[in-house]
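Descriptive analysis of the structure
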Amino acid sequence: MTSSKPKNVQTMKPETAAKKLDVLLSATPAEFQEGVVSRDELNTLQSAPPAWLVELRRNGPHPKQVVAAKLGVSISGLIRSGITEPLTTAEIDALKAENPAWLERERAVQKEARKEALRLKQR
C-alpha cells in the first residue's frame, strides 16, 4: 500500500502570472503585484476573471506581445518602428485607423514570415 503524500501547492511570481494572463504587471492591483499566485488562483483568474482583469484586457495598457498581436506585427517590428511602451486599446485602434507606412510594411514582413514558416512546416 502506498500512502498519499500531501500535494505541494505550485506558485509563481506575479510577473509570470501576468504574462500568462496577457496583462501588464504594472497595471494590475497592488495585492496582485505583491503576492504570489498559485496554479489554482491562476486557473480561477482565467476562468472567472475579476472586474479589474476584464477591464485591463479590454482597455489596457497592453504588454508588447498583445500590442503586436492586435496590430498583426512581430514584437521586433514594434521595436523597429519605435514603439517600446505599452499601448492602450484606444491607441492601438488609432494606429490601425491611421495605418502608417511602418505598420503596412511590418504587416507585410509578418505575413511573409508566416508563409515561410508554413512552407517549412509542410516539408
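This section reports on the structure supplied with the text. (Residues numbered from 1 in each chain as written. Predicted model: local features only at pLDDT ≥ 70, side-chain atom pairs only at ≥ 80, totals over all residues. Heavy atoms only, no water.)

Before going further, it helps to spend a moment on the environment of His62. Relative to the helices and strands, His62 resides in the loop between helix H4 (51-59) and helix H5 (64-71). The class for His62 is buried, based on a relative accessible area of 1%. The contact partners of His62, leaving out residues within four places of it in the chain, are Leu56, Arg57, Val67, Lys70, Pro86, Leu87, Thr88, Thr89 and Ile92. Separated by 3.5 Å, the side chain of His62 and the backbone nitrogen of Gly60 make a polar contact. Side chain to side chain, His62 and Thr89 meet in a polar contact 2.6 Å long. (Helix = DSSP H or I, 4+ residues; strand = E, 2+ residues; numbered from the N terminus. Buried < 20%, exposed > 50% of the residue type's maximum accessible area, 1.4 Å probe, protein only. Contact = heavy atoms within 4.5 Å. Polar contact = N/O pair within 3.5 Å; in protein donor to acceptor, adjacent residues only side chain to side chain.)

Turning our eyes to something else, we now look at the pattern of salt bridges. Where charged atoms from two side chains of opposite charge approach closely, those side chains can pair. Applying the stated criterion across every chain, the model contains four salt bridges. Arg58 is the salt-bridge partner of Glu55, the closest N and O atoms lying 3.4 Å from each other. Here Arg58 and Glu55 lie together in helix H4, a separation of three residues that amounts to about one turn. The class for Glu55 is partly exposed, based on a relative accessible area of 40%. Lys115 is paired through a salt bridge with Glu112; the nearest N and O atoms lie 3.5 Å apart. (Salt bridge = Lys/Arg side-chain N within 4 Å of Asp/Glu carboxyl O.)

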